[in-house]
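Each chain is listed here by its residues.
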Amino acid sequence: MRTVIIGSGIGGLLTASFLAKNNYDVTVLEKSPRIGGRFANLPYRGFQLSTGAFHMLPHGEDGPLAYLLKLLGANVRIVNSNPKGMIFYGGRTFHYREGWKYLGWRERVRAMKLLADIKRNKLPTGEEAEMSGREWIREKIGDNEFVDLFIKSFLGWADSVLDVPAGELAREIKAALKWGGPGLVKGGCSAITDELARIAERSGGKILTRKKAIEIDVDSKKVITADGEEFPFDVLISNVGIKETVELIGRENFNREYLKKVDSLRPSEGIKYNVALKGKPRIGNTVVFTLDTGRINGYNEPSSVSPELAPEGYTLLMLHHALQSRNVKAERRKGIEDIYKIFPNLDGEGEILLIQTYLDGNPVNRVASGQAVEDFPVQDVYIVGDAYKPPGGIEVEGIALGVMKTLEKLGLGNFNEWYL
């Protein structure tokens, strides 16, 4: 069966690998000269930064993405974080379990009950599911500043937003309870996307770079590229977003109600800071959630597992914050102030290598977490990637869940146990 996949991000490459291994005739069209999208390594001054992600999987070797990689037999090593997380609060950094001391005894009891309810799948429904997630936590636990700051930091780091509906937040908490904390990828993001490309090509798939799709003709079932080439398909997989796919097909092919839903979808946007520090690793394989900073939501240290990501004598840290305004210069300035709050001796110990901004046509996610995304209403056309993440799926784990849904629709497996 002829399959065209537009975009070689992790969603596109995951789908390509499975389809090629199941004897589909797969062609991947990638507009840029490289593969991987926002999940690839970015060489810079001797460091291996990333095009977007943090060389890390939200649920490490126990999450849905790792599961799909195992099914494919991918030669990728993922190292679970230990501890699962740390917290920067009150000017110091400590193990996440120590955070319980900032809750009163009634708040602890309520928090433990809430976690037990979520674990038993007692999740918010109806109007409660649609309310602010942070307000829902306040109602369930109490008006505790530490708890609210932690949830804000978690969402800013994990989703690049500062709030999500209660239903989404509950499922993200359920995912953490079910699959555990994050893990670093040995060799960084490209270790995964390069391996997926190898699997797809070894199975007969073709990956064509510098091939920009400019039109999808759903009547004659073909994709037309900027250089005039035509690629016929029986199945089309789009890894370039819902809005973008609608534009490629033509808005006139969709009813007004669906277009209204598509136009209401909003992206998540943020800024990533790459910092080089002299000497040995500082925090190791974990995530630090930064609670009392104005902008920075968290950071990790990918070179603690993969020293090759940094030149000898240096370690690489990546910090992130969800945009709070469209004044990017002001946002960056406040983010840099936070970095100096976390690393007061930065000028003597290292430097900020590169600041990457993700918004407009290159957001963190084309559809921010917590928004309802329906099945694409065009026969034989499927959406994968950061625009199609089922509830509770954080970043690439959500992309993996979306790929599972697509594989099921094509009759290639059953993944019900993974859905939240």
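The rules behind each value
- Residues numbered from 1 in each chain as written.
- Predicted model: local features only at pLDDT ≥ 70, side-chain atom pairs only at ≥ 80, totals over all residues.
- Heavy atoms only, no water.
- Helix = DSSP H or I, 4+ residues; strand = E, 2+ residues; numbered from the N terminus.
- Buried < 20%, exposed > 50% of the residue type's maximum accessible area, 1.4 Å probe, protein only.
- Contact = heavy atoms within 4.5 Å.
- Arc of directions from axis to C-beta.
- Polar contact = N/O pair within 3.5 Å; in protein donor to acceptor, adjacent residues only side chain to side chain.
- Salt bridge = Lys/Arg side-chain N within 4 Å of Asp/Glu carboxyl O.
- Pairing = 2+ DSSP bridges.
- Right-handed = clockwise from strand over helix to strand, strands pointing away.

Honestly, the environment of Gly313 in this entry has me stumped. Any pointers?
Relative to the helices and strands, Gly313 resides in the loop between β17 (298–300) and β18 (314–322). A residue is classified by how much of its surface remains accessible, and Gly313, at 43% relative accessible area, is partly exposed. The spatial distance from the C-alpha of Gly313 to the C-alpha of Pro281 is 9.9 Å, given a sequence separation of 32 residues. Ignoring anything within four residues of it in the chain, the contact list for Gly313 reads Leu277, Lys278 and Gly279.

Any chance you could explain helix α5 (residues 133–141) here in plain terms?
The periodicity of an α-helix, 3.6 residues per turn, causes residues three or four places apart in sequence to face the same way. Looking at α5, one finds that the buried residues are Gly133, Arg134, Trp136, Ile137 and Ile141. All buried residues of α5 project into a common sector of 155° when viewed along the axis, lining one side. In this structure, the buried residues of α5 make contact with α3 (105–119), α4 (126–130), α6 (145–158) and α7 (166–179). The backbone nitrogen of Arg134 lies 3.3 Å from a side-chain oxygen of the residue at the head of α5, namely Ser132. Once α5 finishes, Gly142 follows within two positions and takes phi at roughly 135°, a positive value.

Help me understand the side chain of Ser369, please; the structure alone is not making it clear to me.
Mapped onto the elements of the fold, Ser369 is located in the loop between β19 (350–358) and β20 (381–383). A polar atom in the side chain of Ser369 sits 3.3 Å from the side chain of Asp159. Beyond its immediate stretch of four places on either side in the chain, Ser369 contacts Asp159, Val164, Glu168, Glu172, Lys389 and Gly393.

Even after reading the chapter, I still don't get the pattern of salt bridges, so can you show me in this structure?
Where charged atoms of side chains with opposite charge meet at close range, the side chains can pair. According to the stated counting rule, one finds 29 salt bridges in the structure shown. As a salt-bridge pair, Arg138 and Asp148 come within 2.9 Å of each other at their nearest N and O atoms. Here Asp148 lies in helix α6 and Arg138 lies in helix α5, a separation of 10 residues in the sequence. Look at Arg138 and you get partly exposed, because its relative accessible area is 26%. By relative accessible area, Asp148 is classed as buried at 15%. Among the charged side chains, a network of salt bridges with common partners joins Arg38, Glu244, Arg366 and Asp386.

Which parts of the structure should I look at to understand the pairing of strand β2 (residues 25–29)?
Extensive coverage of β2 is indicated by the burial of 4 of its 5 residues. Two elements, strand β1 (residues 2–6) and β2, share 5 bridges in a ladder whose sense is parallel. When the sheet's bridge partners are listed, Thr3 is paired in β2 with Val26. Following the backbone out of β1, through helix α1 (residues 10–21) and into the adjacent parallel β2, one traces a crossover that is right-handed. Here 3 bridges tie β2 to strand β10 (residues 206–208), and the two strands are oriented parallel to one another. Along β10, the bridge assignment pairs Leu29 with Leu208.

Read these as spatial facts, not as claims about activity.
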